[in-house]
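Fold and contact review
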There are 2 protein chains.
Amino acid sequence: MNIDCPIPLATEELVRLGHGSGGEMTQKLLREHVFPHLDNEWIRQGHDSATLPLGSERVVFTTDSFVVSPLFFPGGDIGKLAVCGTVNDLAMSGAMPLYLSCSLILEEGLPVKTLGRVMQSMAETAAEAGVKLVTGDTKVVERGRGDGLYINTAGIGALSHSLPVGPQQIQAGDLILLSGDIGRHGMAIMARREGLEFDSPLHSDCALLHGAIGALLDAGIAVHCLRDLTRGGLATALAELAEGAGKDFLVQEPEIPVSGPVQGACELLGLDPLYVANEGRFIAFVPAHQAQHALAVMAAIRVSSDSKVIGVVGDTPPGSEPGSQTGVRGRAVLKNTLGCERLLDRLPGEQLPRIC
Amino acid sequence: MNIDCPIPLATEELVRLGHGSGGEMTQKLLREHVFPHLDNEWIRQGHDSATLPLGSERVVFTTDSFVVSPLFFPGGDIGKLAVCGTVNDLAMSGAMPLYLSCSLILEEGLPVKTLGRVMQSMAETAAEAGVKLVTGDTKVVERGRGDGLYINTAGIGALSHSLPVGPQQIQAGDLILLSGDIGRHGMAIMARREGLEFDSPLHSDCALLHGAIGALLDAGIAVHCLRDLTRGGLATALAELAEGAGKDFLVQEPEIPVSGPVQGACELLGLDPLYVANEGRFIAFVPAHQAQHALAVMAAIRVSSDSKVIGVVGDTPPGSEPGSQTGVRGRAVLKNTLGCERLLDRLPGEQLPRIC
C-alpha cells in the first residue's frame, strides 16, 4: 500500500458519459455536486429556463451547449440544433424567444468552410424563428481537446402573458398531448454514426416549436405545462413531470406514434423509442375540455400536425405532493395494447452519447 | 493529380490556435466566416455585449466560453474566471450585472470532486458579485474530446442610466485611465503551465470589476468608454478602440505599471506585457476635467487602487471616422521614455493559447 496515497484512486468518482444523458445520472451529478453550491429559487424549480424579474418586465433566460456528433446529419446540423434547442427551451416556458448568444469552441484543424456552413445554418434558423443572434465569443482549443466544434447558445425571451406554465400547474384530469411521432432525432444521429442504411432514410425531427406554442396560447388554451422531449426522450420527460407535479399519469402506449424506420432502427440497436431524444417534439398538458380545441390548433401547424392525446393525469397519491418528504412520488404509468402496465423511470444511464 | 479532388487539400483553410487569440486573426475569422451570416445592428457594433430593448427596459446580454488550462492557477480557477469574465463584460457596457447562466462541457474521466471545487468557486464569486446563477446545462464528451471542463457563462444586466458608453463616445481631449498593473493573469497561467518558479509568485489579477465601474457612474463621472483588458491585452484594446473611435490615442509607456515578476517572466519567455491578457484590469476614457475625480473614486476601490492616467485622446485624422471607406484608421501610439513613438497593432496571432 502506498502510504502517500491512503485513499485508493479507484474510489475517486469520475465523470462518465452517462452523466451527460439528461436522465437519472445527470440529475444525481447535479444534485450532489452542482446544486448544493447554487441553491436559489430558480435552481430549485429545476426548469430548463429561469423566469426572472427585470425592472417592470419578466424575462425568460436559458442556455444549452451543443456537442452533437456528427456535426451534420440528415435533417439538420449542429447550427440548426443550437438555435432550435434554445428557442424551444424558451417556448416551453411560454415565452416569446427574442435574442440568442452564440459562443464557439473550435478545435484546431476545423476547416473554416465548415464553420461557415454551420453559421449559415444558425442564421437561417434564427431568421425562421424571428430571433436575433446578438452577441458571441470564439475560443480555439488544440487538436485532440475538442471535436471540431462545440456551440453554446443562451437565449432571452419575453413573457407577455400571466399564465403560469410548469409542472406544479398540472391538474388531475388534464389530458397529455404529444405533438407527433417520436425518436427520429436520436435514430437519425445513430444511423449516421453507425453507418446504418435503411430503405427510408431516417431524418431528424429537429425543428422550431415556438410557433406551435404561440398558437396554443393565442387560441386561449390554458396550457398547464409544456416540455420538449430532448435527452431521455418521452419517457424521461413523463417521469420527471409526474414527480414534479406530484401526480400519477396514465399513458396509452398504442397512442404513441413511432415511424417504421425508427422502430426498425431501435430494434436493430436494442433501443426503446420512448427513451430516444427528439429535437422537434413536445408534450402539452391541457384541461380536458380544451383538448379538442388544442389538437385543432396544433394540427394547423406543420411541426405539430400529427398531434394526439396520449394520456391523462390521475389523482395525487397521498404524500406525493412536490416537496413532501414521504418518499412517495408521482409516477408515469404506461399501458400497452394488452392492458399491462409498466412504470416509466428516467433514463438511468447513457443511451446515445452526444445526441445534442 | 487526383481528379476526384481537383482542389488540393493544402489550400483548405483550417482553424488555427491564433484564431482564438482575440486579436487580428480572430477578427479576420469572424469578419470572413461568421459576421456575414449574422449581419445586424448589434453584431456591427462589435462590442463584447449587446444592449437590447425588452419591453420598457434595456437589457445587456453577453456570453463567454472558458477553456483555460490549467483549471486551477495562482489567484483563481476556471470557475472564478467564468463569473468574473461575464460580470466584467456586462460592467464594461455600464450595466448592473444581475443573472448568469452556467453551461458545462465535461470530459469523461474528470474527477467529480474537481467539478465540485469549480462550482463552489463559481458560487462564491457570484455571491461576491451579487449575481444569481439561475439556469444551466451539462454535457459530457468522450475522453480526448475535451480537456477536463469547459464552462460557458452568459449574463444579463440592466442599464439603469442613459449614459451611452462605447468607442463612438470617445472624444478628443479625453484622458485614458488604467486601473492597475498589467500582465499578471497571462503570466500566472504561463508560469504554471511551463513550470517556471520565481522569487515572488505570480498571481492572476482575476477579479470583479463592476464595483469600480458602478462607483465611477455613481460619482457622476461621464465615462465615455470602458474596456477590460483580456485576450490581446492593453495594446489590442487600445488599437481596437482607436479604430472604433476613429481617433488617435497617445499613450505614455512609462506610465504603464508592470510588476517586477511579470516583467521578468515576460523577458524570459520573450513576451510583451502590453499584449498579455489581464482578467481584472480595465481602461476608462473620461473627460479631462473629471480625471482627478475619477482617479480618486477608483483609488478607494481595492481592484482599481493603483489607477493612473496613461494617455490622452488626440484629434480625428481626416477620413478615419468610424465606417469611412478611406482606409485611414484611428491609431494608438505609444511613446517610450526616450520619446520614441511606436504604433500599437492588434495582437497579430496567438501569444498564449487558452488563457481564459
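All values reported here derive from a predicted model rather than from experimental measurement.

1. What about the interface of chain A and chain B?
Taken together, the contact between chain A and chain B spans 77 residues of the former and 77 residues of the latter. Across the chain A/chain B interface, buried area totals approximately 6800 Å², and carbon plus sulfur atoms make up 68% of it. It is Val15(A), Leu54(A) and Val112(A) that lose the most area in chain A upon contact with chain B, and together they represent 10% of the buried surface on that side. At the junction of chain A with chain B, the criterion picks out 8 salt bridges. A salt bridge links Asp147(A) to Arg145(B), with the nearest nitrogen and oxygen atoms 3.2 Å apart.

2. Some thoughts on the domain arrangement of chain A
Residues and elements named next belong to chain A. The domain boundaries assigned to chain A delineate domain 1 (48-158) and domain 2 (167-344). Each of domain 1 and domain 2 has a C-alpha centre, and the two are 24 Å apart. Counting from both sides, the interface comprises 21 residues of domain 1 and, opposite them, 20 residues of domain 2. Between domain 1 and domain 2 the total buried area reaches about 1800 Å² when both faces are included, carbon and sulfur atoms providing 66% of it. Considering only the side of domain 1, the residues that lose the most area to domain 2 are Pro74, Asn88 and Met92, jointly responsible for 34% of the buried surface there. Remark: the boundary between domain 1 and domain 2 carries 0 salt bridges. Where domain 1 touches domain 2, the interface holds 6 residue pairs in polar contact (both at pLDDT 80 or more). Secondary structure elements with two or more residues in the side of domain 1 that touches domain 2: β3 (72-73), α3 (78-91) and α4 (112-129). It is α3 that provides the largest number of residues to the side of domain 1 that touches domain 2, a total of 7 residues.

3. Remarks on the relation of the copies chain A and chain B
After a rotation of 180° and a shift along the axis of 0.0 Å, chain A superposes on chain B with an RMSD of 0.0 Å. Classification of the inter-copy transformation places it as that of a two-fold axis. Most of the interface of chain A is mirrored in chain B, where 100% of its interface residues are also at the interface.

4. A look at the sheet that holds strand β10 (residues 249-252) of chain B
Residues and elements named next belong to chain B. Pairing in this open sheet of 7 strands is mixed, and the strands run β9-β11-β8-β12-β10-β13-β14 from one edge to the other. Strands at the two margins of the open sheet, each flanked by one partner only, are β9 (225-228) and β14 (341-344). The average undirected angle you get between the axes of adjacent strands in this sheet is 25°. Bridge analysis of β9 against strand β11 (residues 282-286) gives 4 bridges, and the strand direction is antiparallel. Residue pairing for β11: Leu226 is matched across the bridge by Ala284. Here helix α9 (residues 291-299) sits on the sheet in contact with β8 (175-178), β11 and β12 (308-313), set at roughly 10° to β8.

5. Digging into the packing of helix α5 (residues 184-194) of chain A against helix α8 (residues 260-269) of chain A
Residue and element names in this part refer to chain A. Running from N to C, α5 and α8 cross one another at 55°; their axes reach a closest spacing of 10 Å. Viewed along their axes, α5 and α8 adopt a mutual orientation that is oblique. The two elements α5 and α8 cross, and the hand of that crossing is left-handed. When α5 is examined against α8, the residues Arg184, Met187 and Met190 are found in contact with a partner set consisting of Val262, Ala265, Cys266 and Leu269. Taken together, the residues of the contact of α5 with α8 break down into 6 nonpolar, no polar and 1 charged.

6. What about the sheet that holds strand β8 (residues 175-178) of chain A?
Residue and element names in this part refer to chain A. Spatially, β9-β11-β8-β12-β10-β13-β14 is the arrangement adopted by the 7 strands of the open sheet, whose pairing is mixed. Taken across any chain shown, the strands that pair with only one partner, and hence form the sheet edges, are β9 (225-228) and β14 (341-344). Across the sheet, the mean angle from the axis of one strand to that of its neighbour is 25°, orientation sign disregarded. Of the strand pairs in this sheet, strand β10 (residues 249-252) and strand β12 (residues 308-313) are connected by 3 bridges, and their pairing is antiparallel. Looking at the pairing, Val251 lines up with Gly311 of β12.

7. Describing the environment of Val59(B)
Inspection of the secondary structure assignment puts Val59(B) in strand β2 (residues 57-66). With relative accessibility at 0%, the residue Val59(B) sits in the buried group. Sequence spacing of Val59(B) and Ser103(B) is 44 residues, and the spatial spacing of their C-alpha atoms is 21 Å. Contact partners of Val59(B), with chain neighbours within four places excluded, come to Leu54(A), Ile156(A), Ala50(B), Thr51(B), Leu52(B), Leu54(B), Ile156(B) and Gly157(B).

About the thresholds
- Residues numbered from 1 in each chain as written.
- Chains lettered and ligands numbered in written order.
- Predicted model: local features only at pLDDT ≥ 70, side-chain atom pairs only at ≥ 80, totals over all residues.
- Heavy atoms only, no water.
- Contact = heavy atoms within 4.5 Å.
- Buried area = accessible area lost by both parts, 1.4 Å probe.
- Salt bridge = Lys/Arg side-chain N within 4 Å of Asp/Glu carboxyl O.
- Domains from an automatic or database assignment.
- Polar contact = N/O pair within 3.5 Å; in protein donor to acceptor, adjacent residues only side chain to side chain.
- Helix = DSSP H or I, 4+ residues; strand = E, 2+ residues; numbered from the N terminus.
- Least-squares fit on C-alpha atoms with pLDDT ≥ 70 in both.
- Pairing = 2+ DSSP bridges.
- Axes fitted to C-alpha atoms, helices over the stretch in contact; angles between N-to-C directions.
- Parallel < 35°, antiparallel > 145°, perpendicular 65-115°, else oblique.
- Left-handed = near helix turned anticlockwise from the far one by under 90°.
- Nonpolar A, V, L, I, M, F, W, Y, C, P; charged D, E, K, R; others polar.
- Buried < 20%, exposed > 50% of the residue type's maximum accessible area, 1.4 Å probe, protein only.

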